[in-house]
Structure formats: C-alpha cells, structure tokens
Amino acid sequence: MSDPKSQHTIPRCYLKQFVDPNTPAGHEPYVWIFDRRSRAGKKRAPKNILTETDIYTFKGRDGAKNYSLEKNLSQIESEYASVFENKISQKLPLNRSEHMVLCAFVAAMLQRTPKQKEHIERLFDQLISMTESVERAHGLPAEKSLELKEAKANAHRASIAQSVPEIANILSKMNLAFLCTNRRGSFITSDAPCFLFNSELQWQRLYGPGLAQKYVEVRMPLSPEISVTFTWANNLRGYLAISEDWIHEHNRMVFGYSHAHFIANSPTIKRRWFRRFSLDTVFIGRIIKHKTKLALRELRYKAHARSR
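First, a word on scope: everything that follows refers to the structure included in this document. Just so we're clear, the structure is a prediction, and the values are computed from it rather than from any experiment.

We now examine the nonpolar core. Most often, soluble globular proteins have nonpolar side chains that are buried together. Counting residues in each nonpolar core, the largest one holds 48 residues, and the members touching the most others are L171 and F230. Of all the elements in the fold, those that place two or more residues in this core are α1 (12-15), β2 (31-35), α2 (68-88), α3 (96-111), α6 (155-173), β7 (175-180), β10 (216-221) and β11 (226-231). Sorting elements by how many residues they give to this core places α3 first, with 10 residues. The contacts of F230, once residues within four sequence positions are left out, are H99, L102, C103, V106, L171, M174, N175, L176, V216, E217 and V218. Counting residues in hydrophobic clusters, the runner-up holds 13 residues, among them F195, F197, A264 and F274.

Across its 24 residues, helix α4 (residues 114-137) extends 34 Å between first and last C-alpha, which sits within 8% of the 34 Å expected from 1.5 Å per residue. Turning to α4, its buried residues are P114, Q116, K117, I120, E121, I128, T131 and E135. On its buried face, α4 sits against β4 (51-53), α3, α5 (143-153) and α6. Immediately beyond the C-terminal end of α4, within one or two residues, lies G139, with a positive phi of roughly 65 degrees.

For α3, which comprises 16 residues, the first-to-last C-alpha distance of 23 Å matches the rise-based estimate of 22 Å (1.5 Å per residue) to within 8%. Most of α3 sits out of view: 13 of its 16 residues are buried. Here α3 starts with a cap whose side-chain oxygen sits 3.1 Å from the backbone nitrogen of S97, and that cap is N95.

The next subject is the packing of aromatic side chains. The tally for this structure, following the rule as stated, stands at 12 aromatic pairs. Ring centres of F34 and F262 lie 4.8 Å apart, and the angle between their planes is 5 degrees; on these two criteria the pair is classed as stacked. Taken together, the residues span a long stretch of sequence, with F34 in strand β2 and F262 in strand β13 (residues 261-264) at a distance of 228 residues. An identical accessibility class is assigned to F34 and F262; each is buried. The interplanar angle of 0 degrees and the centroid separation of 3.8 Å between the aromatic rings of Y80 and F105 together place this pair among those described as stacked. With Y80 in helix α2 and F105 in helix α3, this residue pair connects regions lying 25 residues apart in the sequence. Taken together, Y14, F18, Y80, F84 and F105 form an aromatic cluster joined through their ring pairs. Stacked on the ring of F255, the Lys or Arg R36 has its end atom at 4.6 Å from the ring centre.

Quick look at the environment of A104 now. The residue A104 is located in helix α3 in this model. We classify A104 as buried; its relative accessible area is 17%. Taking C-alpha positions, A104 is 14 Å from L222, a pair spaced 118 residues apart along the chain. Every residue in contact with A104, bar those within four places of it in the chain, is listed here: I76, V164 and A168.

Among the 6 residues in β7, 6 count as buried, and that is most of the element. Every second residue of β7 is oriented toward a common face, with N175, A177 and L179 on one face and L176, F178 and C180 on the other, all of them buried. Bridge analysis of β7 against β11 gives 6 bridges, and the strand direction is antiparallel. Along β11, the bridge assignment pairs C180 with I226.

Turning our eyes to something else, we now look at the environment of L140. As for its position among the elements, L140 is in the loop between α4 and α5. With 63 residues separating them in the primary sequence, L140 and E77 have C-alpha atoms 47 Å apart.

Quick look at the sheet that holds strand β9 (residues 195-198) now. Here we have 5 strands laid out as an open sheet, ordered β9-β10-β11-β7-β12, and mixed in their pairing. Either end of the sheet is taken by a strand with one partner, and the two such strands are β9 and β12 (238-241). This sheet shows a mean twist of 30 degrees between the axes of neighbouring strands, independent of strand direction. Relative to β11, β10 runs antiparallel, the two sharing 5 bridges. Following the sheet pairing, P221 is matched in β11 by S227. Its contacts with the sheet put α3 on β7, β9, β10 and β11, and the angle it makes with β11 is roughly 90 degrees.

Conventions adopted
- Residues numbered from 1 in each chain as written.
- Predicted model: local features only at pLDDT ≥ 70, side-chain atom pairs only at ≥ 80, totals over all residues.
- Heavy atoms only, no water.
- Core = buried A, V, L, I, M, F, W, Y, C linked by side-chain atoms within 4.5 Å.
- Buried < 20%, exposed > 50% of the residue type's maximum accessible area, 1.4 Å probe, protein only.
- Helix = DSSP H or I, 4+ residues; strand = E, 2+ residues; numbered from the N terminus.
- Contact = heavy atoms within 4.5 Å.
- Expected span 1.5 Å × (residues − 1).
- Polar contact = N/O pair within 3.5 Å; in protein donor to acceptor, adjacent residues only side chain to side chain.
- Phe/Tyr/Trp six-rings, centres within 6.5 Å; stacked < 30°, edge-to-face > 60°.
- Lys NZ or Arg CZ within 6 Å of the ring centre and 35° of its normal.
- Pairing = 2+ DSSP bridges.
- Axes fitted to C-alpha atoms, helices over the stretch in contact; angles between N-to-C directions.

Take a look at the structure:
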C-alpha cells in the first residue's frame, strides 16, 4: 500500500452523505461545493475536493515522513462510517462502543481542518514574534525562537494527536441528541463542519466557547437529514424532529463557521443562510435589549463626565 500523501481534510465517508440524490444514472455521485465569498457553486465528486498534500504527515528534521496520524484518522473514519450506516442513519440508539466512535469522529472533525491549522499557526507566529523581540532586546541568541519555528511545522498535527482523545472523552460525558429534518429542508455542511456555540457569550469578544461551559453546544451536520448536538442540557437527548425554520437557522450557523467553502446536496441555496443575525423574534428582542443597555450606559457615562 502506497503512503497516503493526498489527504482529505474532510473525509470522503462524511462527504458522501451529502451527494445530490438527483445525480443522473451512470454519473459519479457528486456534491455541490460553494465558495464562501462568491457563493458560486459547482458539482464535484467527494474524492476530488478538500484534499491537501501531507497535511497530517509528521515531518522530521532529516526529511523523513511519518504517516501514523493519517492512518489513525482513517481508522476512526472507517469505524464511524459503519456506525452511521448501521445505526445513526436508521435512527437507532448507540451502544457504549458506538457512542465512543462517534465522539472520536466528532473530536477529530473539530481539530483536523485547515481552519484549525491556521488558528494554531497564527498563535505560533505571535509567540515567535514576541520571542524574537525579547531575544533582540536582551542580545540573546535566537535559540528559543528557532525552536518554536521548528515546533510550528508539526504543531497542528501534534495538536490533533494530543487533543482528539481528550475531547472525545469530554464529549462522551455530554448529552447526545440527533436533530432530524423529517424531509422538511436539508442540512448543509462545510469545510469546518464541527463547531462550538454558546448563546450566553454572543454579547462579548473577550473569550469564546469552551467545552466546560454550562451552556456550550457542540454541533455538526452528519447528513442532509441528521445533525448531531452535544450539550450539558438534560432535556436534549435522542432523535428529535425539528422545524423547517430551525433547519435554516442551523444552516446559517454552519455557513457562519465555514472557512472557505460550504457544501450541499442541491444547487439551491437560501439567502437567509447568509444573514449575520437570526430572524428569530426572541433573538432579535435580545439584540434590542442589549443595544439599549449599551446606549443607556454610554449616556450615563457622558452625563457623569459633563458633571465633573
């Protein structure tokens, strides 16, 4: 078996669930992949999209390549594909082993994407820049900054290997729900399909959602008909039917968290997926309430400043 140099950032076993059901007979099944900015779409076979050369290949100083991470990810994908086909797509409960396979797959999908790779490398770039400034200011040799540059080369790969088991363990302790469309609309996916969301953090930019937060949700569409959600909420479990409005709201968030592309099983897209804010009346009310508080706070500050 040849070394797997061309590696899918989003695995084929996942993408194949989103193929167009209207693919003509005799044609290779395809998905519709859309550019995030232009929103222009084209049909492509899953095997021909979202690949990079050696993105999961560890590279040594001597140029040697280690494909163990890619092979481990492939094993997780194979196990997940079986669980999805035999249980999730049939809306059947998972046993403990199958539950852990799903958790491992979702954890990997959270960490393996180019979006996460860029995030990790930006953090390294900032750390390298600060270290170089300290080295120059104190006349130190560029030893630590060089060490960080070498670590950056494999940082994303090392992060996947280290964090996936830990994240999977956390997910296994959360409540699990499958949100189902019942043929009223379809879920879309993206090149960064798994994301964290915390409704309590929408009004600030100091920190983002984390797995230990009480109101955090981990979401990922699994097919056009089913999306998985992990939460700490006790009232969200099992296979649950959702409304068409909620499907479109879910797709709006999937698009919002996408990196460069989003994917659908149809060439049809909805403008409401691209709105910055939800059309939900409760959410709009919360925005108005929040903006009003900010305006009143600013008025009080200005009045206080004038009175001094």
